[in-house]
Amino acid sequence: MARKPNRMYRQIRGQAYTRREYMGGVPANRITTYNLGNITGDFPIVMNLRIKEPCQIRHTALEAARIAANRALSKGTTSASYHLRVRLYPHIVLREHKMATGAGADRVSGGMRSAFGKCVGTACRVDSGTAIITLRVTPQAFQLGKNALWKASMKLPSPCQIEIEQGAELVS
């Protein structure tokens with residue numbers, strides 16, 4: 001069965017289900033690593049990718065944003081000149097009632113009317129202004145880092161803004 005579009009899970013609705021020990025078959029988290037680049041380095045510029053509207057972000061969207069930002073950074077500079085950190089963990093379990101479609105579906109569509117649903121993925125709920133990705137860079141890699149955060153924002157379900165938290169005087 002194909003994955004449903006993100007617009008079905010973008011809005012924050014209903015109770016958040018997080019207790020995995022009571023649900024069977026929760027899919028594994030797609031985010032492989034949360035820290036990339038030079039983790040222990042000292043970087044003067046700190047940028048955040050902040051969300052503008054409250055929404056739910058699926059784990060696949062977070063992983064796509066991480067890959068896009070890391071690819072843009074690694075193509076233009078070495079991994080010693082940045083530290084990329086994904087700051088959210090998708091712990092809310094998404095469920096859906098998998099209804100039968102196709103030929104003969106009219107016979108089974110009436111069953112399980114108030115079904116709890118099968119686990120199809122995980123997501124994280126964010127409020128407006130929440131920092132999703134933090135990027136620490138050197139002054140030489142500032143423009144590259146800003147472009148990488150913009151590319152990451154294209155993978156997320158809500159509009160984002162790039163905020164320079166520290167070191168704005170070094171790039172003006």
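Provided above is the structure to which this section pertains.
An account of the accompanying structure is given in this report.

Here Ser 158 lies in the loop between α2 (142–153) and β8 (160–166). Under the relative-accessibility criterion, Ser 158 is labelled buried at 5%. At a separation of 3.4 Å, a polar atom in the side chain of Ser 158 contacts the main-chain amide nitrogen of Glu 53.

This paragraph deals with α2. Here α2 spans 17 Å end to end across 12 residues, near enough to the 16 Å set by a 1.5 Å rise per residue. The complete set of buried residues in α2 reads Phe 142, Gly 145, Ala 148, Leu 149, Ala 152 and Ser 153. The buried residues of α2 occupy an angular sector of 140° when projected down its axis, which confines them to one face. Check the buried side of α2 and you find it contacts β2 (45–51), α1 (59–76), β7 (131–137), β8 and α3 (168–171).

In this section: the nonpolar core. Counting 31 residues, the largest nonpolar core has Ile 57, Leu 62, Ile 132, Ile 133 and Leu 135 as its most contacted members. Within the residue set of this core, elements represented by two or more residues are β2, β3 (55–58), α1, β4 (82–86), β6 (118–126), β7 and α2. With 6 residues, the single largest contributor to this core is α1.

About the cut-offs
Residues numbered from 1 in each chain as written. Predicted model: local features only at pLDDT ≥ 70, side-chain atom pairs only at ≥ 80, totals over all residues. Heavy atoms only, no water. Helix = DSSP H or I, 4+ residues; strand = E, 2+ residues; numbered from the N terminus. Buried < 20%, exposed > 50% of the residue type's maximum accessible area, 1.4 Å probe, protein only. Polar contact = N/O pair within 3.5 Å; in protein donor to acceptor, adjacent residues only side chain to side chain. Expected span 1.5 Å × (residues − 1). Arc of directions from axis to C-beta. Contact = heavy atoms within 4.5 Å. Core = buried A, V, L, I, M, F, W, Y, C linked by side-chain atoms within 4.5 Å.

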